[in-house]
Amino acid sequence: MLVDFVPDRSLYPFESRWFDSSVGRVHYVDEGTGPPLLFCHGAPAWSFLYRHIVKDLRDRYRCIAVDYLGFGLSERPAGFGYTIAEHTAVLGELIDHLRLDGFVLMGQDWGGPVGLGAVTTRADRVRGIVLGNTLFWPTEAMANRAFGVIMSSRPMQRRILEENFLVERVLLAELGHKINAAEADHYRKVQPTAEARRGLAAMPKEIRAARPLLDQLARDVPALLGDKPALLVWGMRDMVFRPNACIPRMRAAFADLDVVELPRARHFIQEQAPDAITEAIAKRFP
């Protein structure tokens, strides 16, 4: 199934593009010309999360922002499992389809593991890495584990599917008055029904289920990408991806890492500090 929603051009002024992957139809935007930047979102967001960054950078870069299957305007294909490994494989297909070379990857939240999983096998084509409020190793933090356990429980799975809990009570609750009602509706309306939200409901389960993939990334990222120029843009008020726990591991993984702290931002940094992020990217990857 595809979601019947047309974004407001005043908020999302991009041409929708489509890629028929091996398992479903993927929506993405591809704006501007210049060195390519590939933006990967987390849950429960979609490419709309990157709209400010894409608008600000498309005069200097080719900005590509993807919706994973089950998210945004992309298809909800029958039989798709919505695992991180499956999302990674589909993103790899899109990278190959677009023949991206010399590109910078940005990943936040699950966009870190999904994006990094796709590019570790294409490391020779990667120019640099930008990461924000994410990880690429199995989490031992109590907050992460507790979130996964609670959100995977039967009552919470029902609330995610029937009440759009992750959008309403996680994303929009954090953003508060940072976005207006029309912008909030762009997060709601791409997850309009319980059937459409199956991919969204699968993500919390992956905190534990994706351990084999995260174990592999913990080895592969330093070995295959650790010498790439890297940038960390971190919301310092994130209570799940805590800076004191995550940033030292990032520093250990990358030999050439710049760190930009976003002191007032929490988890959804693209909404809370887009100007600082675009400035940091332009400075790091001129």
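In this report, we go over the structure that sits alongside the text.

Rules used in this analysis
Residues numbered from 1 in each chain as written. Predicted model: local features only at pLDDT ≥ 70, side-chain atom pairs only at ≥ 80, totals over all residues. Heavy atoms only, no water. Phe/Tyr/Trp six-rings, centres within 6.5 Å; stacked < 30°, edge-to-face > 60°. Helix = DSSP H or I, 4+ residues; strand = E, 2+ residues; numbered from the N terminus. Buried < 20%, exposed > 50% of the residue type's maximum accessible area, 1.4 Å probe, protein only. Lys NZ or Arg CZ within 6 Å of the ring centre and 35° of its normal. Salt bridge = Lys/Arg side-chain N within 4 Å of Asp/Glu carboxyl O.

1. Here's the deal with the packing of aromatic side chains
Part 1: Under the counting rule described, the total for this entry stands at 10 aromatic pairs.
Part 2: Seen from their ring centres, Tyr12 and Phe14 are 5.0 Å apart, and the 75° between their planes marks the pair as edge-to-face.
Part 3: Centroid distance Phe39 to Tyr50: 4.9 Å. Interplanar angle 35°. Geometry classified as tilted. Of this pair, Phe39 sits in strand 3 (residues 36-40) while Tyr50 sits in the loop between strand 3 and helix 1 (51-57), and the two are 11 residues apart along the sequence. Note on accessibility: Phe39 and Tyr50 belong to one class, buried.
Part 4: Through pairs of rings, three or more aromatic residues link up here, namely Tyr12, Phe14, Trp46, Phe48 and Tyr187.
Part 5: For Arg51, the ring lying beneath its charged end belongs to Phe48, and the centroid distance is 3.9 Å.
Part 6: One residue, Arg284, lies across the ring of Phe285, its end atom 5.9 Å from the ring centre.

2. Looking at the pattern of salt bridges
Part 1: Taken as a whole, this structure holds 16 salt bridges when the rule is applied.
Part 2: Across the pair Arg51 and Glu183 runs a salt bridge whose closest N-O atoms are separated by 2.9 Å. Of this pair, Arg51 sits in helix 1 while Glu183 sits in helix 7 (residues 181-188), and the two are 132 residues apart along the sequence. In this pair, the class of Arg51 matches that of Glu183, namely buried.
Part 3: Residue Asp59 is joined to Arg60 by a salt bridge in which the shortest nitrogen-to-oxygen separation is 3.3 Å.
Part 4: Judged by its relative accessible area of 59%, Asp59 is exposed.
Part 5: Through salt bridges that share partners, Arg51, Glu183 and Glu271 make up one connected network.

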